[in-house]
Amino acid sequence: MTETKSAATMRVWDPLVRVFHWGLVAAFATAWLTADEVQPVHEVAGYTVAGLVAFRLIWGFAGSRYARFAKFVKGPTATLAYLGWMLRGQERRYLGHNPAGAAMIVALMLTLSGTAFTGWLMAEPERVAMLPALPQIVAPAWADDDGAEYGEGREVEGPLKEVHETLANLMLLLVAAHVGGVVLASIRHRENLARAMITGDKRAPEPGDIA
Ligand code: HEM
Ligand code: HEM
């Protein structure tokens, strides 16, 4: 990275966004590594992910300028337009999250929520039974699968586990694309974005940048 030491910087990521980000990375990695190995740690790590995502939802409304969803979440049209600029190598530099990165953030948070929720449902059979509408809609399909019906003892098998694992595997793809996007944007705009997520600071906006 060719960053001039003297270049003016500006605070972009507030401390809670940074703690959220690296806490999420640590909790996700722990949940992943302990899956089917150390179940109590797996569940605590999974709940930590859920708690961090819940916090981030609140912070998306109450946080600082660049933490707010209203600042960075864009509709499909704007996101596709941005991807088009990217393909042509003409995308503008954003101080906050760019529209493609923002779409990825939404995908990451939704997938993490689904993973944690299915994990929670699976951990106690009574939890599935507590869902009011679900049994009527999906119970027949579930009953067919592997012969495992919920509520029958503590055997964790069947479609819920499939969904849980599929979402967890999808996370790996999303994280790879996320880190790829971070590297690409870092090269294009000649700044270390990962370091900015640690220090909170980025190069001050230049003409043409979107602050
Ligand atoms: C488990 C893996 C990861 C997950 C779940 C994840 C998730 C996220 C989320 C949710 C955000 C939005 C931050 C916010 O506004 O609160 C974000 C942003 C970001 N992440 Fe990650 N991340 C992961 C791994 C990484 C890694 C390994 C790096 C470093 C290479 C990284 C670098 C960044 C950067 C630089 C941003 C800001 C992007 C921008 O400038 O718009 N992430 N990540
Ligand atoms: C959000 C982060 C989470 C991730 C990335 C994750 C990932 C995984 C993966 C990959 C497996 C498959 C293990 C295998 O059989 O090879 C698994 C299994 C499982 N997870 Fe999670 N999980 C998460 C959260 C949770 C939570 C919050 C709970 C419950 C409180 C949970 C409960 C379970 C259970 C009961 C299994 C089945 C273990 C077994 O085979 O006996 N998970 N998880």
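Described in the following lines is the structure provided in the data block. Just so it is clear, the structure is predicted and the values come from calculations on it, not from any experiment. (Residues numbered from 1 in each chain as written. Chains lettered and ligands numbered in written order. Predicted model: local features only at pLDDT ≥ 70, side-chain atom pairs only at ≥ 80, totals over all residues.)

**As for the site of ligand 2**
Just so we agree on the cut-off: Nearness here is judged by the C-beta atom: place it from the backbone, and if it falls within 6 Å of a molecule or strand, the residue counts as near that partner. Starting at the N terminus, helices and strands are each numbered in turn, a helix being any DSSP run of H or I of at least four residues and a strand any DSSP run of E of at least two. Ten residue types, Ala, Val, Leu, Ile, Met, Phe, Trp, Tyr, Cys and Pro, are classed as nonpolar, four, Asp, Glu, Lys and Arg, as charged, and the remainder, Gly among them, as polar.
In the vicinity of ligand 2 there are 23 residues, among which A35, D36, G46, G119 and A168 approach most closely. Breaking the shell around ligand 2 down by element, the ones donating at least two residues are α1 (15-34), α2 (39-62), α5 (99-123) and α8 (159-188). In terms of residue count, the dominant contributor to the shell around ligand 2 is α5 (seven residues). For the shell around ligand 2, the per-class residue count stands at 14 nonpolar, five polar and four charged.

**Digging into the site of ligand 1**
Every one of the 20 residues lining ligand 1 counts as a neighbour, but F28, H97, G101, L193 and A194 are closest to it. When contributions to the shell around ligand 1 are tallied by element, the ones reaching two or more residues are α1, α5, α8 and α9 (193-199). Tallying contributions element by element places α1 first for the shell around ligand 1, with six residues. For the shell around ligand 1, the class distribution of residues is 15 nonpolar, four polar and one charged.

**What about α1?**
We count it as follows: To estimate the expected span of a helix, subtract one from its residue number and multiply by 1.5 Å. We call two residues in contact when the distance between their C-beta atoms, placed using the backbone, is within 7 Å.
Taking 1.5 Å per residue as the helical rise, α1 with its 20 residues ought to reach 28 Å, and the 28 Å between its terminal C-alpha atoms agrees with that figure. Next to the buried residues of α1 lie α2. Looking one or two residues past α1, D36 carries a phi angle of roughly 65°, positive in sign.

**Some thoughts on unusual backbone geometry**
Here is the rule we go by: Using C-beta atoms placed from the backbone, we call a residue buried if 20 or more other C-beta atoms fall within 10 Å of its own, exposed if 12 or fewer do, and partly exposed for counts in between.
At D36, a position not held by glycine, the phi torsion is positive, near 65°. On the secondary structure map, D36 appears in the loop between α1 and α2. Judged by the 8 C-beta atoms lying within 10 Å of it, D36 falls in the exposed class. A positive phi angle, close to 50°, is found at R190, a residue other than glycine.

**Some remarks on the nonpolar core**
Selection criterion: For the purposes of this analysis, a nonpolar core is taken to be any set of buried Ala, Val, Leu, Ile, Met, Phe, Trp, Tyr and Cys residues that are connected through C-beta atoms within 7 Å.
Residues A27, F28, A31, A45, V49, L52, L112, A116, L167, A168 and M171 constitute the largest nonpolar core, which totals 11 residues. Counting residues per element, the ones that place at least two in this core are α1, α2, α5 and α8. Setting aside chain neighbours within four positions, we find A31 in contact with H42, A45, G46 and V49.

**Some thoughts on the packing of α2 against α5**
Using the following cut-off: To get an axis, fit a line to the C-alpha atoms, keeping to the stretch in contact for a helix; angles then go from 0 to 180 degrees between the N-to-C directions. Any angle between 65 and 115 degrees counts as roughly perpendicular, while under 35 counts as roughly parallel, over 145 as roughly antiparallel, and the rest as oblique. Each crossing is labelled by how the near helix is turned from the far one, with a counterclockwise turn of less than a right angle marking it left-handed and a clockwise turn marking it right-handed.
For the pair α2 and α5, the least separation of the axes is 9 Å and the interaxial angle reads 135°. Classified by the interaxial angle, the pair formed by α2 and α5 is oblique. At the point where α2 passes α5, the crossing takes the left-handed sense. On α5, the residues touching E43, G46, V49, A50, V53 and R56 of α2 are M109, L112, S113, A116, G119 and A123. Split into classes, the residues belonging to the contact of α2 with α5 amount to seven nonpolar, three polar and two charged.

**Observations regarding the environment of P15**
On the secondary structure map, P15 appears in helix α1. By C-beta crowding, P15 is classed as exposed, having 10 other C-beta atoms within 10 Å. Sequence separation between P15 and T199 is 184 residues, and the spatial gap between their C-alpha atoms is 8.7 Å.

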